[in-house]
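What follows is each chain in one-letter form.
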Protein chains: 2
Amino acid sequence: MRFISGNKKAILRELHSVANSDAQSETESAVKAILADVKVNGDVALFRLTEEFDGIRLTDFRVPQHKLDCALDGVEVEFIEALEQAKANILSYHQKQKQSGFVDTEKQGVMRGQLVRPLEVAGIYVPGGTAAYPSSVLMNILPAKIAGVPRIIMVTPPGKDGLNPYILAAAKIAGADEIYQIGGAQAIAALAFGTESVPKVDKIVGPGNIFVALAKREVFGIVDIDMIAGPSEVVVVADETANPRFVAADLLSQAEHDKLARAILITTSEPFGQAVADEVEKQLQSLPREDIARASIANFGQVIVTESLEDAFDIMNEIAPEHLEIQVENPMDYLSHVKNAGSVFLGAYASEPLGDYFAGPNHVLPTSGTARFFSPLGVADFCKRTSFISYTKAALEREKDAIVMLAEKEGLTAHARAIQIRFEEDKGNENS
Amino acid sequence: MRFISGNKKAILRELHSVANSDAQSETESAVKAILADVKVNGDVALFRLTEEFDGIRLTDFRVPQHKLDCALDGVEVEFIEALEQAKANILSYHQKQKQSGFVDTEKQGVMRGQLVRPLEVAGIYVPGGTAAYPSSVLMNILPAKIAGVPRIIMVTPPGKDGLNPYILAAAKIAGADEIYQIGGAQAIAALAFGTESVPKVDKIVGPGNIFVALAKREVFGIVDIDMIAGPSEVVVVADETANPRFVAADLLSQAEHDKLARAILITTSEPFGQAVADEVEKQLQSLPREDIARASIANFGQVIVTESLEDAFDIMNEIAPEHLEIQVENPMDYLSHVKNAGSVFLGAYASEPLGDYFAGPNHVLPTSGTARFFSPLGVADFCKRTSFISYTKAALEREKDAIVMLAEKEGLTAHARAIQIRFEEDKGNENS
């Protein structure tokens, strides 16, 4: 792991010097071509692209309803039980996010309010291949369920041996309504534009590779999307009271995701940092995914040594990590120091994987510094708001002069007229 | 106005046959070039681009603080009073949108919660030229104020005669912290990347021309943006009890915005539709912005005659209008029929301009059918959520087997290890 230490300014300068890669233009053109193809050619394009990219010739994308109905038959009972427990925790947490509308009748003759309604159709992208995560199926679908979305469409790349049975079981437990075997940018195109067999959705959520991410970005505005996901990261802020074995294990749980994953320790103690780095090396040796984790640690692993915990939190807020672990004495005291982070894990036993699978908060989180402005996936992502007003004639009359004055200052005479005409007599056609 | 009538299916087919224009690729390249230029060259690019596009040579973008402080001196007292009244209404409405976080300690040893925090820096784009709307300044800034955003940056194109005094006054009343005279895609680039003189923001909101809209789309992910705004539209659902003069005036208040604006009447009564169309023609003749309104009505004005009010609402929901007026007997009975609309105006006296300026709900609304999934601008747009968890050792021990099982099913051994290691003795280095 790379050590960086010094005062806060020096550390921030060092962190900012890492350049962002943005050589994506070739992939971007490929993605645009796929989107246009599916928009124009519909299912014909989908069949052709699936054969080209997935090497699989399908005659129907839709997973038959009876397969979804019987999904639990194909997996172990213990797995179902664990997933059901996770589901209960996710539901009880997200239930608290539910928002209702309001009506305000404080002013006489005036009613103002807000409706909160679920989206009508949600599209969930679930990656296939080695990155098949049943937990993600739950995390993406359950908030939509709580929002009340009546139709949830799941898409996932086709596999040579059919659909991954754990993904299928998770879809059943979460409550997906329909599943289509389509992956990549073509799946995003199908959901955004609709085809003969795939319904057009209102919003697309879920992680995916670079093709999926760029396609989601392109269709934003035609449909809504959750966020632009980049590589995953964890920052652990720890003092010398923390356990280096725990911290190292947590850093590695992030590193094993992806060679581009970033695992960062920020600590006030250099010896503690060294102990964690040693533990990381030691634990790496027994990991099945050692190659991936080692590459991640070698390229992006950092131990940042600061002069104070205050500096540590300032630097953490600059990084705005997806996951933040606070392993210091009295961790709750530092929750108010957190400005920018997706999800916070407090204390020695709130290990990141607990949140990934089980505790209940969503594991779909803003990455790559976007926690500055994006939020964890939640119930609000599957709702839309509508405002409404009603005024009596008397109420409008009270305000009419102010409205007319503002409209006229903006040069919008027809706006002013629309108010004034309501207080004029109808002079009939003879005066026109 | 164009008349469309028949059964629901026939009307929907007719509406869908209108092709979308998407020949934007040239503008898109120009916008990308501007963004790259500002990202690399900072202020130097901003000065050059401002001279090129606005024909104005500036030595400083920042509007001096004393100008902002004295902004109210330059406008009429009546204008200030009207704007202050509008501000009070906007604040009292948006106050009700405020969300707080939560903490849940229902399970022993487990704490789960959510923080809701304001963004740190918000960027507000305010168009210049003929489309200088003080009301938009209020509508964009005040929700950010209520969210608690500590730093609100406003940008607006420079004018030959300096800044529009009404815009400046509105900025003062709304509480902008800093104003920079920059417009177009270069302003969006400055806010997204930051330059020597313009601070980088977390989110960019506000309407703009096609350059601004495309630039916002491009920087989405680097910062957050509010929405992709298209031309404005109103749908009026009316029965024969409505007043054709009122309805016509409201349609025209939409049409005068823009030649691309869409004013649509959906009614169950053909004679009523005809009466509205006649009134539109009559009122058009005395409008100062007759040219714009006439072009909008000629190209996009529609009277849709349906067989029932139910059909009228189904068709309205397919259009998903920015503004919806319901001018029927007992309008409140139909609020529950509204699935997709930005803002709803109920009854004969809730004229759209009342909402544009005064009533309190936001006038920044989803356009072009995006009310299917986007919402009016609101306090939530200026907040981010962060989840947090804390578990005791005993609480984690209760759940550990389920977590380990799920991690192993996903092939993520380091995730499983991070949980297990917390219940193992430290065997020291000798056993590694």
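All residue numbers refer to positions counted from 1 along the written sequence of the respective chain. All chains are assigned letters beginning at A, and all ligands numbers beginning at 1, according to the order in which they are written. Note on the predicted model: pLDDT of at least 70 is required for a residue's local features to be given, and 80 or more for side-chain atom pairs to be given and counted; whole-chain, interface and lining totals, by contrast, use all residues. Calculated side-chain values reflect all of the structure's heavy atoms, with hydrogen atoms and water omitted.

1. Digging into the pairing of strand β10 (residues 262-267) of chain B
Residues and elements named next belong to chain B.
Here is step 1: Think of it in three bands: residues with accessible area under 20% of the maximum for their type are buried, residues over 50% are exposed, and the middle band is partly exposed, with areas taken using a 1.4 Å probe on protein chains only. Only runs of H or I of at least four residues qualify as helices and only runs of E of at least two qualify as strands under DSSP, and these elements are numbered from the N terminus. Of all six residues making up β10, five are buried, and the element is well covered by its neighbours.
Here is step 2: Both strand β9 (residues 233-238) and β10 contribute to a ladder of six bridges, which runs parallel. When the bridges of β10 are listed, A238 appears paired with T267.
Here is step 3: Each parallel crossover has a hand, and for β9 linked through helix α10 (residues 244-255) to β10 it is right-handed.
Here is step 4: The pairing criterion for strands is at least two bridges between them, as found by DSSP. Across four bridges, the pairing between β10 and strand β11 (residues 302-305) is parallel. Each bridged residue has a counterpart across the sheet, and for I266 the counterpart in β11 is I304. A crossover counts as right-handed when, viewed with the strands pointing away from the observer, the path leading from the first strand over the helix to the second turns clockwise.

2. Side note on the packing of aromatic side chains
Here is step 1: Centres within 6.5 Å make a pair out of two Phe, Tyr or Trp rings, where for Trp the six-membered ring is used; the pair is then stacked when the planes are under 30 degrees apart, edge-to-face when over 60, and tilted otherwise. Applying the stated criterion to the full structure yields 19 aromatic pairs over all chains.
Here is step 2: Ring geometry for F47(A) against F61(A): centres 4.3 Å apart, planes inclined by 20 degrees, an arrangement best described as stacked. Of this pair, F47(A) sits in helix α3 (residues 43-54) while F61(A) sits in the loop between α3 and α4 (65-69), and the two are 14 residues apart along the sequence.
Here is step 3: What makes F47(A) partly exposed here is its relative accessible area of 27%.
Here is step 4: Here the aromatic rings of F79(B) and Y166(B) are separated by 4.8 Å at their centres, their planes lie at 75 degrees, and the arrangement is edge-to-face. Of this pair, F79(B) sits in helix α5 (residues 77-95) while Y166(B) is found in helix α7 (residues 165-174), placing the two residues 87 residues apart along the sequence. Exposure class is identical for F79(B) and Y166(B). Each is buried.
Here is step 5: Cluster of aromatic residues (ring-pair linked, three or more members): F220(A), F373(A), F374(A), F220(B), F373(B) and F374(B).

3. Notes on the UniProt feature "binding site: Zn(2+)" (unreviewed entry) in chain A
Here is step 1: UniProt positions are given in the numbering used here, feature names are shortened, and annotations may be inferred rather than shown by experiment. Using the residue numbers shown here, the UniProt feature "binding site: Zn(2+)" (unreviewed entry) corresponds to Q254(A), H257(A), D356(A) and H415(A). In summary, the annotated positions, distributed over 162 residues, remain apart in three dimensions as well, the widest C-alpha pair reaching 56.5 Å.
Here is step 2: Tracing the backbone shows D356(A) in helix α14 (residues 352-357).
Here is step 3: The buried category is assigned to D356(A), whose relative accessible area is 7%.
Here is step 4: Any two residues having at least one pair of non-hydrogen atoms within 4.5 Å are treated as being in contact. Non-local contacts of D356(A), meaning those with residues more than four positions away in its chain, are made with S135(A), M139(A), H323(A), H363(A) and H415(B).
Here is step 5: In this view, H415(A) contacts A407(A), S253(B), E256(B), H257(B), P353(B), D356(B) and Y357(B); residues no more than four positions away in its chain are not counted.

4. Brief notes about the UniProt feature "active site" (unreviewed entry) in chain A
Residues and elements named next belong to chain A.
Here is step 1: UniProt feature "active site" (unreviewed entry): in the numbering of this structure it lies at E322 and H323.
Here is step 2: On the secondary structure map, E322 appears in the loop between α13 (309-319) and β12 (323-327).
Here is step 3: Owing to a relative accessible area of 5%, E322 belongs among the buried residues under this scheme.
Here is step 4: Excluding anything up to four places from it in sequence, E322 contacts S232, E233, Q254, A341, G342, S343, H363, L365, P366 and T367.
Here is step 5: With respect to the element layout, H323 can be found in strand β12.
Here is step 6: In contact with H323, not counting residues within four places along its chain, are S232, E233, V234, V235, Q254, S343, F345, E352, D356 and L365.
Here is step 7: Any N or O atom pair separated by 3.5 Å or less is treated as a polar contact, with the protein-specific requirement of one donor-capable and one acceptor-capable atom, and with residues adjacent in sequence counted only for side-chain atom pairs. One polar contact links the side chain of H323 to the main-chain carbonyl oxygen of E233, over a distance of 2.9 Å.

5. Comments concerning the relation of the copies chain B and chain A
Here is step 1: Superposing the copies works by least squares over the C-alpha atoms of residues that have pLDDT at least 70 in both of them. Mapping chain B onto chain A calls for a rotation angle of 180 degrees and an axial translation of 0.0 Å; the resulting RMSD is 0.0 Å. Here the symmetry operator amounts to a two-fold rotation axis.
Here is step 2: When you check the interface residues of chain B against chain A, 100% turn up at the interface there too, and the contact is symmetric in its surfaces.

6. So, the side chain of H94(A)
Here is step 1: Of note, H94(A) is situated in helix α5 (residues 77-95).
Here is step 2: Once residues within four sequence positions are removed from consideration, H94(A) is found in contact with P143(A), I146(A), G360(A), P361(A), N362(A), L377(A), G378(A) and V379(A).

7. Points about the domain arrangement of chain A
Here is step 1: Assigned domains of chain A: these are domain 1 (2-20 + 230-373), domain 2 (42-227) and domain 3 (392-431).
Here is step 2: Spacing between the C-alpha centres of domain 1 of chain A and domain 3 of chain A amounts to 60 Å. Residue ranges for the domains originate in an automatic or database domain assignment.

8. Side note on the pattern of salt bridges
All names here are of chain A.
Here is step 1: Salt bridges, as used here, are contacts in which a Lys or Arg side-chain nitrogen is within 4 Å of a carboxyl oxygen on Asp or Glu. Going through the model one piece at a time under the given rule, you end up with 44 salt bridges over all chains.
Here is step 2: Among the salt bridges present, the one from E256 reaches R289, with a minimum N-O distance of 3.9 Å. In this pair, E256 sits in the loop between α10 (244-255) and β10 (262-267) while R289 sits in the loop between α11 (270-284) and α12 (290-300), placing the two residues 33 residues apart along the sequence.
Here is step 3: By relative accessible area, E256 is classed as buried at 0%.

9. Thoughts on the environment of K87(B)
Residue and element names in this part refer to chain B.
Here is step 1: Among the secondary structure elements, K87 is positioned in helix α5.
Here is step 2: For the pair K87 and E281, spaced 194 residues apart in sequence, the C-alpha separation works out to 35 Å.
Here is step 3: Residues contacting K87, with those up to four places away along its chain left out, are L138, L142 and I173.

10. Notes on helix α15 (residues 393-409) of chain B
Here is step 1: Between its terminal C-alpha atoms α15(B) stretches 24 Å, which fits the 24 Å expected from 17 residues at 1.5 Å a residue.
Here is step 2: Two axes enter the definition of the bend at a residue: one is fitted to the seven residues ending there, the other to the seven starting there, and the bend is the angle between them. Helix geometry: α15(B) is bent most strongly at E399(B), by close to 50 degrees.
Here is step 3: Taken as a whole, α15(B) has its buried residues at A395(B), L396(B), E399(B), A402(B), I403(B), V404(B), M405(B), L406(B) and A407(B).
Here is step 4: On its buried side, α15(B) packs onto α5 and α14 of chain A together with β3 (110-118), β14 (383-391) and α16 (413-420) of chain B. Expected span of a helix, by definition, is 1.5 Å for each gap between consecutive residues, and there is one gap fewer than residues.

11. Brief notes about the environment of L168(B)
Residue and element names in this part refer to chain B.
Here is step 1: Structurally, the position occupied by L168 is in helix α7.
Here is step 2: When the C-alpha atoms of L168 and H94 are compared, they prove to be 23 Å apart, with 74 residues separating the residues in sequence.
Here is step 3: Those residues in contact with L168 that lie beyond four places of it in its chain are V63, K67, L68, A71, L163 and I179.

12. Thoughts on the packing of α5(B) against α7(B)
All names here are of chain B.
Here is step 1: α7 packs onto α5 with a crossing angle of 40 degrees between their chain directions and a minimal axis gap of 11 Å. Comparing the axis directions of α5 and α7 gives the class oblique. For the pair α5 and α7, the sense of crossing is right-handed. When α5 is examined against α7, the residues F79, I80, L83, E84 and K87 are found in contact with a partner set consisting of Y166, A169, A170 and I173. In this description, a line fitted to the C-alpha atoms serves as the axis of each element, helices being fitted only across the stretch in contact, and the angle between N-to-C directions of two axes falls anywhere from 0 to 180 degrees. For this classification, under 35 degrees means roughly parallel, over 145 means roughly antiparallel, 65 to 115 means roughly perpendicular, and everything else is oblique. Working rule for handedness: look at the near helix, and if it is turned counterclockwise from the far one by less than a right angle, call the crossing left-handed; if clockwise, right-handed.

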